[in-house]
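Fold and geometry: a report
These are the residues of each chain, in order.
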Amino acid sequence: MSEFFRMRDIVKQYQMGDELQTVLKGISLDIQSGEFISILGPSGSGKSTLMNIIGCLDVPTSGEYILRGRAIADLSPKQLAEIRSREVGFIFQSFQLLPRVNAMRNVELPLVYAGVPARERSKRAEAMLERVGLEDKLYHYPNQLSGGQQQRVAIARAIVTQPTLLLADEPTGALDQANGKAVLGLFKELNEEGHTIIMITHDLNNARQASRVVNILDGLLLEEAV
Amino acid sequence: MGISSLYMLRENISMSLSNIINNRLRAFLTTLGIMIGVTAIIALITIVQSVTTEMTEQFTALGASNVNINASGTALKRGLNPSDMQTLLNIENVAGISPNISLTLTVATETGWEEEATVEGRNEHYFASENVVERGRAINPIDTESINRVCLIDKTLMKSLFYGIDPLGKQISISGISHTVIGVLASSNMDLMRQAQGGRDNGRIIVPYTDAMKLSGTQNITSMVVYLKDSSLAEETIKKLEHALDTAFNFKENSYFVFNMQSLVDTMNTVLDMMTALLAGIASISLVVGGIGIMNMMLVSVTERTSEIGLRKALGAQPKHIQGQFLIESFILSVIGGIIGAFLGVGLSALFCNIMDAKFTISWSAISLGVFFSAAVGIVFGWAPARRASNLNPIDALRSM
Ligand SMILES: Nc1ncnc2c1ncn2[C@@H]1O[C@H](COP(=O)(O)OP(=O)(O)O)[C@@H](O)[C@H]1O
Ligand SMILES: [Mg+2]
């Protein structure tokens, strides 16, 4: 297995008024291609902050982050956007679908920014919605779908660009057990198909579905053997 | 621009349209400023142009084919003599020249008199160009040549001197010299003007100009009307007339004055053009105000859609994509306002022209000006909000949910 990314002493600080708050206090983490890992930690421990840095949505205050051989610190906003477009698929706790467009259009959105022609876009979006079991809900609007269905639309949207990395921030947090299970099953399948997956959760049972679990507590990492 | 930018453009247009449709009322209120501005610009320009056309036509009808010459002359030569007149008459495009001699004299018949009647000296060219004879005949070349003692009188004199009698063939004494009445003049606008100015209308009488020169004791003609064959060539003909007059008066300055209705019309057009520019300038201030309205709405929209912007960035949108989306939205908003404004402006000016009984012509230049300016306003005032949206930190944007 080849190295997917390497993090060394990542620190993230936020200025809150006069106070400087250190959210990540020196995180080092290596991920191999094709891994499925869970990041487990209580609320406020810095999970989302770490995920945003991994997904190039945010840059660390200090430390080294090398994603597929590229040092992220040197990149411009445009280059970061290109990496997000090509390499990363995000899945959020609250689904984050655009409410005014249907499932197809939601799934097509990343392809728009990747510069894929319209006809190709709808073909691929349809295939992805089929892949997550929503072939009969293509033209439904988010408010016409259940939470589990919305999250599956969001997963279809995350994988439609064929990203190398799937980043899921508490993807089952807003779902009931059955739907949560279905989502986790989907992740396992995607991982078997070769996607590298990082799933953030505060639920130990969910975390155990991954092949590797990393604990985060108050901005620091502890590796845990499964 | 690559092919993917084109997809992006199409995508941005459809996203902007759906966003505008979802916020119909707000979008309408926002573009109201632009609408009013464009309406005002188009209506003002069209109305002023229609009025100009109308006024030009009326002035031209009043006599663009006439050139008035006032030749007071020099100390040595007071006015033009008959041979100068012949020179002017031979100039190309000149249809005829009628001297313009106006005297105030006493006229009398056996039964009555008028002490301050206007006596005008004219020739056949005057009657050829102006339709003034109601009854009887006009003055002909023989009358002027042989200084025939004949005259035409107007309705006022007909009433005061020949009440109840047919004046044709009757005798009338002008400054004690007996004349035969050969015609009656039709009432004209000039009569009305005289009445309006002087209050009392003492009547008007036309005699051969050679007779009038005798009556006043002058040898020279100081005022005349030149009738043109083709009024569109007025400018060139006036140049030739001026040259002939210069020669007649030995190139002495201020010895004559040439006046043509066409030059008045030209001057008027210049003034109206300036007025149009000024009015359009004032109206475009409301376009700027409209642009500020658009900027305001776009800034609110950026704030409201912070989380949407964050999500789009997470899905791979580059700053330029976000900027394009918002810029196109303000552009479309503004152009829609401009197009509606163009319709309103055209409608308003059509209505105005209808009420004012002026001829209405659609001014395409005003319409394109209005629409072009609204598009420019959309881009200029949409720039800052679009820029702000594109620079939003995606994390702050996502966290605001
Ligand atoms: N943009 C930010 N500005 C200020 N503080 C922030 C920001 N993002 C996160 N934080 C703070 O960092 C801490 C960790 O947040 P987060 O990474 O969201 O935790 P988790 O996802 O584990 O619940 C929290 O105390 C939060 O208030
Ligand atoms: Mg979180």
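Let me begin by describing the structure that accompanies this report.

In terms of regular secondary structure, chain B is built from 14 helices and 11 strands. Against the globule reference of 21 Å for 401 residues, chain B gives a C-alpha radius of gyration of 35 Å, more extended than a compact globule. Along the first, second and third principal axes, the C-alpha set of chain B runs to 110 × 50 × 30 Å. In chain B, which comprises 401 residues, the proportion classed as buried is 46%. Intrachain contacts of chain B at a sequence separation of at least 6 include 79% that bridge at least 24 residues. With an accessible surface of roughly 20,000 Å², chain B has 61% of that area assigned to carbon and sulfur atoms. Each charge class in chain B can be summarised by its mean position, and for the 28 positive and 33 negative side chains these summaries are 11 Å apart.

Considering all chains together, one arrives at 26 salt bridges over all chains under this definition. One salt bridge connects Arg 6 of chain A with Glu 3 of chain A, and the closest N-O pair in it is separated by 3.3 Å. Here Arg 68 of chain A and Glu 87 of chain A are joined by a salt bridge, their closest N and O atoms 2.9 Å apart. Placement of the pair is Arg 68 of chain A in the loop between β4 (62–67) and β5 (70–71) and Glu 87 of chain A in helix α2 (residues 77–87), with a sequence separation of 19 residues. In this structure Glu 87 of chain A comes out as buried when scored by relative accessible area, which is 14%. The structure contains a network of salt bridges with shared partners spanning Arg 105, Glu 108 and Arg 121 of chain A together with Glu 11 of chain B.

Here we come to the interface of chain B and chain A. Across the contact, 27 residues belong to chain B and 26 residues belong to chain A. Across the chain B to chain A interface the summed buried area is about 2,300 Å²; carbon plus sulfur atoms make up 62%. Our enumeration of links across chain B and chain A arrives at two salt bridges. Note that Glu 11 of chain B and Arg 105 of chain A form a salt bridge whose closest N and O atoms lie 2.9 Å from each other. For the pair chain B and chain A, the interface holds four residue pairs in polar contact (both at pLDDT 80 or more).

It is worth spelling out the sheet that holds strand β2 (residues 94–99) of chain B at this point. Residues and elements named next belong to chain B. Across the sheet, four strands lie side by side as β2-β10-β1-β11; this open sheet has antiparallel pairing. Of all the strands in the sheet, just β2 and β11 (257–260) have a single pairing partner and so form its edges. When strand polarity is set aside, the average angle formed by the axes of neighbouring strands in this sheet is 20 degrees. Looking at chain direction, β2 and strand β10 (residues 223–228) are connected through five bridges and run antiparallel. Considered in β10, the bridge of Gly 96 is made with Tyr 227. Sheet contacts for helix α9 (residues 234–248): β1 (66–70), β2, β10 and β11; angle to β11, the most-contacted strand, approximately 165 degrees.

Conventions adopted
- Residues numbered from 1 in each chain as written.
- Chains lettered and ligands numbered in written order.
- Predicted model: local features only at pLDDT ≥ 70, side-chain atom pairs only at ≥ 80, totals over all residues.
- Heavy atoms only, no water.
- Helix = DSSP H or I, 4+ residues; strand = E, 2+ residues; numbered from the N terminus.
- Rg over C-alpha atoms; globule rule 2.2 N^0.38 Å.
- Buried < 20%, exposed > 50% of the residue type's maximum accessible area, 1.4 Å probe, protein only.
- Contact = heavy atoms within 4.5 Å.
- Areas by Shrake-Rupley, 256 points an atom, 1.4 Å probe, with all protein chains shown as cover.
- Lys, Arg positive; Asp, Glu negative; His and termini not counted.
- Charge placed at Lys NZ, Arg CZ, Asp CG, Glu CD.
- Salt bridge = Lys/Arg side-chain N within 4 Å of Asp/Glu carboxyl O.
- Buried area = accessible area lost by both parts, 1.4 Å probe.
- Polar contact = N/O pair within 3.5 Å; in protein donor to acceptor, adjacent residues only side chain to side chain.
- Pairing = 2+ DSSP bridges.
- Axes fitted to C-alpha atoms, helices over the stretch in contact; angles between N-to-C directions.

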